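Fold and contact review
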Amino acid sequence: MTFTRREHETHHAALAKLGRQFLAMQRARIALGNQAWKLEDDELPEAYLVPFQDAADLILADEEKFERMLVKNAEDHPFTEWFLAQHKGWGALGLVEVYATFGEIDRYTKPS
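Residues numbered from 1 in each chain as written. Predicted model: local features only at pLDDT ≥ 70, side-chain atom pairs only at ≥ 80, totals over all residues. Heavy atoms only, no water.

A word on the confidence of the model for the protein
Averaged over the protein, the pLDDT score is 83; the fraction of residues at 70 or greater is 87%. Put simply, helix H4 (residues 91–102) is where the protein has its lowest mean pLDDT, 84, and helix H2 (residues 46–75) is where it has its highest, 90. (pLDDT = per-residue confidence, 0-100. Helix = DSSP H or I, 4+ residues; strand = E, 2+ residues; numbered from the N terminus.)

Focus on the packing of aromatic side chains
Under the definition given, this model contains two aromatic pairs. When the centroid spacing of 5.9 Å and the interplanar angle of 80° are considered together, the rings of phenylalanine 22 and phenylalanine 66 count as edge-to-face. Of this pair, phenylalanine 22 sits in helix H1 (residues 5–41) while phenylalanine 66 sits in helix H2, and the two are 44 residues apart along the sequence. The pair phenylalanine 22 / phenylalanine 66 is uniform in exposure class, with both members buried. On the basis of an interplanar angle of 80° and a centroid distance of 5.8 Å, the ring pair of phenylalanine 83 and tryptophan 90 is categorised as edge-to-face. By relative accessible area, phenylalanine 83 is classed as buried at 2%. (Phe/Tyr/Trp six-rings, centres within 6.5 Å; stacked < 30°, edge-to-face > 60°. Buried < 20%, exposed > 50% of the residue type's maximum accessible area, 1.4 Å probe, protein only.)

Side note on H2
With 30 residues, H2 should cover 44 Å at 1.5 Å per step; its first-to-last C-alpha distance of 43 Å lies within 8% of that length. All of the buried residues along H2 are Leu49, Ala56, Ile59, Glu63, Phe66, Leu70 and Ala74. (Expected span 1.5 Å × (residues − 1).)

Points about the side chain of threonine 80
Along the chain, threonine 80 falls in helix H3 (residues 80–86). In this structure threonine 80 comes out as buried when scored by relative accessible area, which is 4%. Not counting the four nearest positions on each side in its chain, threonine 80 is found in contact with Ala74, Glu75, Ala92 and Leu95. (Contact = heavy atoms within 4.5 Å.)

Considerations on the packing of H2 against H4
When two helices pack together, you describe them by how their axes are tilted relative to each other and by the distance separating the axes. For the pair H2 and H4, the least separation of the axes is 8 Å and the interaxial angle reads 90°. On the basis of their axis angle, the class for H2 and H4 is roughly perpendicular. Seen from H2, the contacting residues are Glu67, Leu70, Val71, Ala74 and Glu75; seen from H4, they are Ala92, Leu93 and Val96. Looking at the contact of H2 with H4 residue by residue, the classes come out as six nonpolar, no polar and two charged. (Axes fitted to C-alpha atoms, helices over the stretch in contact; angles between N-to-C directions. Parallel < 35°, antiparallel > 145°, perpendicular 65-115°, else oblique. Nonpolar A, V, L, I, M, F, W, Y, C, P; charged D, E, K, R; others polar.)

Observations concerning H4
Relative to the 16 Å expected for 12 residues at 1.5 Å per residue, H4 spans 17 Å between its end C-alpha atoms, a close match to the ideal helical length. Along H4, the residues classified as buried are Ala92, Leu93, Gly94, Leu95, Val96, Val98, Tyr99 and Ala100. Downstream of H4 by one or two residues, glycine 103 has phi in the positive range, about 85°.

A look at the environment of phenylalanine 83
Within the secondary structure, phenylalanine 83 sits in helix H3. When the C-alpha atoms of phenylalanine 83 and leucine 95 are compared, they prove to be 6.9 Å apart, with 12 residues separating the residues in sequence.

Focus: the nonpolar core
Leu15, Phe22, Leu70, Ala74, Leu93, Val96 and Tyr99 are the most contacted members of the largest nonpolar core, which has 13 residues in total. Contributing elements (two or more residues each) for this core: H1, H2 and H4. Here this core gets six residues from one element, more than from any other, and that element is H4. Excluding its chain neighbours within four sequence positions, the residues that come into contact with leucine 15 are Leu70, Asn73, Ala74, His77, Val96 and Tyr99. (Core = buried A, V, L, I, M, F, W, Y, C linked by side-chain atoms within 4.5 Å.)

The structure is reproduced here in structure tokens:
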């Protein structure tokens with residue numbers, strides 16, 4: 001797929017923004033799970049744990065759908081082929097996480 005400069009910038013910005021939302025979703029799920037474990041360690045009744053566990057399970061289900069969508073969109077990005085060749089084992093989601101964390105990698109003189 002060939003992108004114009006404008007399409008590349010738009011696609012990149014969307015991947016970065018969605019990637020940040022994905023990372024926030026993961027942090028929220030992990031925080032809920034940690035809270036449930038803390039309550040369990042405090043030996044509170046299971047009724048107190050259930051809301052945290054249920055919320056974490058709901059987020060996980062949405063997170064998995066969101067991840068599939070992100071990977072599909074990342075695979076269309078013009079840098080994906082280069083990124084995967086340079087960073088073995090990262091996958092397309094790794095590119096999204098790099099964009100979400102660092103912004104546009106083409107602004108660096110040596111992205112590799």
